[in-house]
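Inside the fold
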Amino acid sequence: MSDVVEKTLTALPSLLSLDPQPGSAKLSSTSKLGNLIRAITELTSKHEEEKLIQCELVSLKEQISSPNTSMRQMKELMVRAIYCEMLGYEASFSYIHAIKLAQQGTVLEKRVGYLAVSLFLNESHELLLLLVNTVLKDLQSTNLIEVCMALTVVSQIFPKDMIPAILPLVEEKLNHPKEIIRRKAVLALYKFYLIAPNQVQHIHNKFRKALCDRDPGVMTASLHIYLQMIQENPEGYKDLTASFVTILKQVVGGKLPMDFNYHSVPAPWLQIQLLRILSLLGKNDQSTSETMYEVLDESIRRAEMNHNITYAILYECVKCIYTIHPKSELLEKAAKCIGNFVMSPKINLKYLGLKALTYVVQQDPKLALQHQMTIIECLDHPDLIIKRETLELLFRITNGQNVTVIVEKMLEFLRMSKDDYTTIDLVGKVAELAEKYPFEYYNALCFLFSVGGDMMQPDIPNSFLKLLSEGFDSVEEDRKLRLFAVDSYVSLLQGEPGKLPQCFLQVISWVLGEYSYLSGDLEPARVLQLLARVLDMKQTSSETKSWVLVAMTKLCESGADVSVAQEVSETFSSSMDTVLRQKAHELQQLSQHSDLRARVLPRGSGSEPLEVDSSLSFLDGFVSEALAAGAAPYKPPHQRQEELAQAKALSLEPYGLSLPINMSSCSNADRQSPTLLSISSGLSGDSTDVLHRGGSTTLKLDGVKRLWGREGYLVPRENVDEAAQIEVPSPLQSPSRQGVADSSHTQASTPTQAPEPEQEKKQLASSLFVGLSSQSSLCLMGKSEPTPQRFRRKAKGHSSSLGAIVQISNSLVSHPTDVDSLLCNNQLGSNITSEQTSELPEGLTNANGTCDGEAKLNDRDTKVQKLSHTGKDGFAAAAPIPYEDPNRNEVFSISSHLPAELSGLSCSEITPLCSNQNLDLSACHVQKDDSVVQVVFITNFSDTSVQQMLLDIHSDQLEVSCASDSRLKDVRSHSVAVCQYFLSVKRPSAHVETVGMVSYQLTDGMRQEVQFSYKLPLTSFIRPLTVSTEEYGTMWLTFSNDTKQNLTLVSDAQEPLAATLNVLKKKLQLHIVEIIDMEGIVACQLLQDQPCLMHCRVHAGKLAVWLRSPVPDLPDCLIYHCQRALQEH
Amino acid sequence: MIKAILIFNNHGKPRLIRFYQYFAEDMQQQIIRETFHLVSKRDDNVCNFLEGGSLIGGSDYKLIYRHYATLYFVFCVDSSESELGILDLIQVFVETLDKCFENVCELDLIFHMDKVHYILQEVVMGGMVLETNMNEIVAQVEVQNRMEKSEGGLSAAPARAVSAVKNMNLPEIPRNINIGDINIKVPSLSPF
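Where an unreviewed UniProt entry is consulted, chain B appears under the name AP complex mu/sigma subunit domain-containing protein, with the organism given as Takifugu bimaculatus. Recorded in UniProt for chain B, the comment headed Sequence similarities (unreviewed entry) runs: "Belongs to the adaptor complexes small subunit family."

Named according to an unreviewed UniProt entry, chain A is AP-4 complex subunit epsilon originating from Channa argus. UniProt lists a comment for chain A under the heading Function (unreviewed entry), and it reads "Subunit of novel type of clathrin- or non-clathrin-associated protein coat involved in targeting proteins from the trans-Golgi network (TGN) to the endosomal-lysosomal system." Looking at chain A in UniProt, the text filed under Subcellular location (unreviewed entry) is "Endomembrane system".

Written as structure tokens, this is what we have:
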């Protein structure tokens, strides 16, 4: 320490005496920065600092903007500005000067300028545009330092849309003779890849070249890119495995120059990177894994030195070994390594050991057994991070037998934890466990509510109530649980309710309101009193109060109760809070009229689904009468707003304007010429006008139905797939891995005698690790499990009620097109779900989106497209393999039957259609440039061949023509027949369907039939339409069918319009004709020349979209898909 | 990806702040404060990793830090970085600083903030680890320093000389220097 003091002492006088001193810490104490820093350190309060910095900023501003300031002085001023910014004071006036410095200064001044720019500005700052030219100039400079600076700044702050300007130059730098430049260029390109992968698609070959660069540094840099790309698509880079293995072999073997060594370990960071890549490549792939066993073994063997960095390598090795296809020898070694980590006295290693164990325990739960004592010790470790990691590990090995102990441990931790993040995380975990093991569950949750309190995610109490009301499998158990809940809550309220968190109070009041009748000896009056006490408490929030009031409404029955209720309702009927006032009035009314109460709030109805007529059909008569009497039809709010906006200002929209919006298919005759209407937009925006102009009643009614159809009808799509997709089977363990650890460890670790505290730990251990040794009771929760669904619930009549709603609304609509119903469904999807679950009062909503199944499908589409795209680029052509398909092998083999002329085109996932005792049918569709082909695969898996098979496909919405001869003579046993059909659209609809039938004869002469249907989205038929702005203008005026809609913008981008349109372009294959300021025009066509034009305008934070097409219904379908695409985004 | 690199002293005074992901100014200050709060209450005998905190990227976010005398060096990284790897990268960075400043102390960081930034730029570029080899980093920094010296003397020199310097190419960096043996010297960082 004396060193330190000495140094400070020598440094200080030099500062104070303003004496320039030579040496390393040559502080330019005469400088203004020196003065500033000195002044700041002398200050005592934050307030003084603020004052000083403000003064400093004023003087800085003055000097910076003075024209006499030389570049050299500017450099110094800039450093001061950086210093102020670091302390958190904005110096925005200096930003432009920083850019100027980078532009005009000499190399050194430039350096400061660039540094300031990269510290001051962010990707979306508008001043960044001014930097482009400077960067371009410097990239071309002959001075290496300038090039380096430019590359650095580019990788630091350049946004997506500025990349194209500099991309060619950066690309060029990959061939630069100096390795440092090549290395920086590679990293800059990696950054581009991260923010705009499409823009660097074409240079994948150059990445390969970088990987083979003669300089190891450049190669190392390129691994960043490969790690990323392989993560996204491991299949595409399998061919590189051998190269990576070779590189790693050379590195491990010490073939690199000595100066790559770090503490005599050869290029450790490089090794780490390579090991990560290998683990990605070898995952679920035996043959690839086999190629890397040797080098992994070598790595483990070499990494024996006792230094941090070797442990880093070992850790990666272990992870890799457990990720790739298992090999027992290596697993043994890896397990030993993990042991070393866990047992290590070094705390960092212990942490990593626990992490590794958490990772590994999913495949090899017995490993945890070996280290059970260490784990128990870690539970009591003073370091909270270690403790948490241990709990995470325990969470993974929870099973039916040890869940109580583990949950207890977690709750113990929760009680101590003060960190919000940890609490939320752990509360979620306990809730998840509670869901898996419902019987341990109740107490834990009760406790959770009081501990986790208002910090936990709101869905936990909600789903708890849902579960309680829906019940488990046995009625008796339900009753018991509910009774228990009521009893414990009553005693809680009798205690100190003031200490309970709000959300717990809400849960309590709901449960008491709903179930307190179950407890025979509990007087409702007593409960009412308790609840009234809650109301009187100061800290009760008004939300909780309304819960309490509702509970009281359910409870008050007899005369005695009524008095309490009256009192309460009087207090609250004058409340400032309107919700409370409402509830108070309800309470007052219902407490007096018990018949009414029984009808409105029937007892125990919590779990029965309410029938909700979401279409408000009972109002239909009223509406049509009102319309007949001349009332204006309903307009949705967004339309009203739009019209309001249009009425206020002169519209400056291009292309004439402005037709009645909402009529999706008004005929040409109804329309007035756009030129006539172009200015009187206020008038023309009103669709009522058109209705009246039309005159006849039929038209009016038509309009009525359209409008109500659009906003009012909720037609839940019957998604059959949905249920199947929710319950995703957890990944199966590979039996070979399980078999590795031998059960003798259990016995080995049970000692004969132990001192007392030891004994306690042993006991704890035995209760924690119980059940791990027997494989049958094993229950693992893998990290990979997709979105764990909290709180299982039984499917209860939902589907039937759903169906009912569909039927009702269908019968009401006279001729609804498919599109309309889908559209409604989509817009109001969230409402549907909330209404279905409205069986629980107070808006306990179920967050299951109805659109999941569909969304996933599309997602897959794009993924497959991506795959085949990389195939085109000359990389190993990847067969389109569906993701996460359980029947992967089978589908894979089917996909190999895809006709050769179709391979390489964008192909959908192969979906199974149907099967019977002989045949298995599946299909996919392929998008060609000029057509869509449906391919049907007929697999004969029986032992007899099938004869005289006939395949017939037709569709209401599509024109189907057979590509090959449809009459298939026969299909031999265990072979696959493939038929292709060209599809074209007759009548657009958001989703189109083909219906088909296969008939065939078996050897015994019996004729059999199989029917199937295949659904595909309209987007498969959409292609970009390349037109110029002028052409677009003329086309726009000639099209008659239009639709307007407001869409949500992609909000996280800096240019929302461009970003949104790009999303649409990418997902729907639209062609962006032009973007001018806040408006954009887009064109596309349905196959066979059926164009559709789209005009978009950013308006009040929304994207107002207007579509026109000569084809009826096409705009509506397209807007549906646009919404879909944006939702998914 | 490295999301941010923060250096502050035992009192939470920032000495170097570098964000690789955009955060608004006040958010940055909040991150610094909270990070300091989290890190400063940990003893020296606990692990150097901290998880959690909702500020940067939620659960996929980790703090890896080292404490030297009066300074904390904190790297905020996502899960794609190796914990021990980053821990040693901090060591490399500090050793490099030590070489460049000849016994680095907190004062050096304060008064030569810009230089520290330049050194850091050679280690981490745009959130990605660029170079882990200390000799290489030092060599790059020295090249720049040399330029600084010559430019300093050149301010009045004829234009011919200026252009000569501008066209100067980096010399081939010798690659045969061995770092020698291991004992990591913790640089003495004196308080201010």
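Right, let's talk about the overall build of chain A for a bit. For chain A, the count of helices and strands is 50 helices and 18 strands. The buried share among the 1129 residues of chain A stands at 54%. Sequence-distant contacts, at least 24 apart, represent 68% of the contacts inside chain A between residues at least 6 apart.

In this section: the packing of helix α7 (residues 132-139) of chain A against helix α9 (residues 163-172) of chain A. Residues and elements named next belong to chain A. At a closest axis distance of 10 Å, the pairing of α7 and α9 adopts a crossing angle of 10°. Comparing their axes, α9 and α7 come out roughly parallel. Of α9, the residues touching α7 (which contributes Val132, Val135, Leu136 and Leu139) are Ala165, Ile166, Leu169 and Val170. Counted by class, the contact of α7 with α9 contains 8 nonpolar, no polar and no charged residues.

Residues and elements named next belong to chain B. The strand order β2-β1-β5-β4-β3 describes an open sheet built from 5 strands, whose pairing is antiparallel. In this open sheet, the two strands that pair with only one neighbour each are β2 (14-19) and β3 (49-51). Across the sheet, the axes of successive neighbouring strands diverge by a mean angle of 15°, strand direction being ignored. Strand direction decides the pairing type here: strand β4 (residues 62-68) and strand β5 (residues 71-77), joined by 7 bridges, are antiparallel. The residue bridging histidine 67 from the neighbouring strand is tyrosine 72, located in β5. In this fold helix α1 (residues 25-40) packs onto β1 (2-9), β2, β3, β4 and β5, with an angle of close to 65° to the strand it touches most, β1. Along the sheet face, helix α2 (residues 83-101) touches β1, β3, β4 and β5 and points at about 35° away from the line of β4.

Residue and element names in this part refer to chain B. With 6 of 6 residues buried, β2 is to be regarded as a mostly interior element. By the bridge criterion, 5 bridges tie β1 to β2 in an arrangement that is antiparallel. Its bridge partner being in β2, phenylalanine 8 is matched across the sheet by proline 14. Following β1, the chain reverses through 4 residues before pairing antiparallel with β2; glycine 12 in that reversal takes a positive phi of roughly 85°.

Cut-offs used in this document
Residues numbered from 1 in each chain as written. Chains lettered and ligands numbered in written order. Predicted model: local features only at pLDDT ≥ 70, side-chain atom pairs only at ≥ 80, totals over all residues. Heavy atoms only, no water. UniProt positions renumbered as here; feature names shortened; annotations may be inferred. Helix = DSSP H or I, 4+ residues; strand = E, 2+ residues; numbered from the N terminus. Buried < 20%, exposed > 50% of the residue type's maximum accessible area, 1.4 Å probe, protein only. Contact = heavy atoms within 4.5 Å. Axes fitted to C-alpha atoms, helices over the stretch in contact; angles between N-to-C directions. Parallel < 35°, antiparallel > 145°, perpendicular 65-115°, else oblique. Nonpolar A, V, L, I, M, F, W, Y, C, P; charged D, E, K, R; others polar. Pairing = 2+ DSSP bridges.

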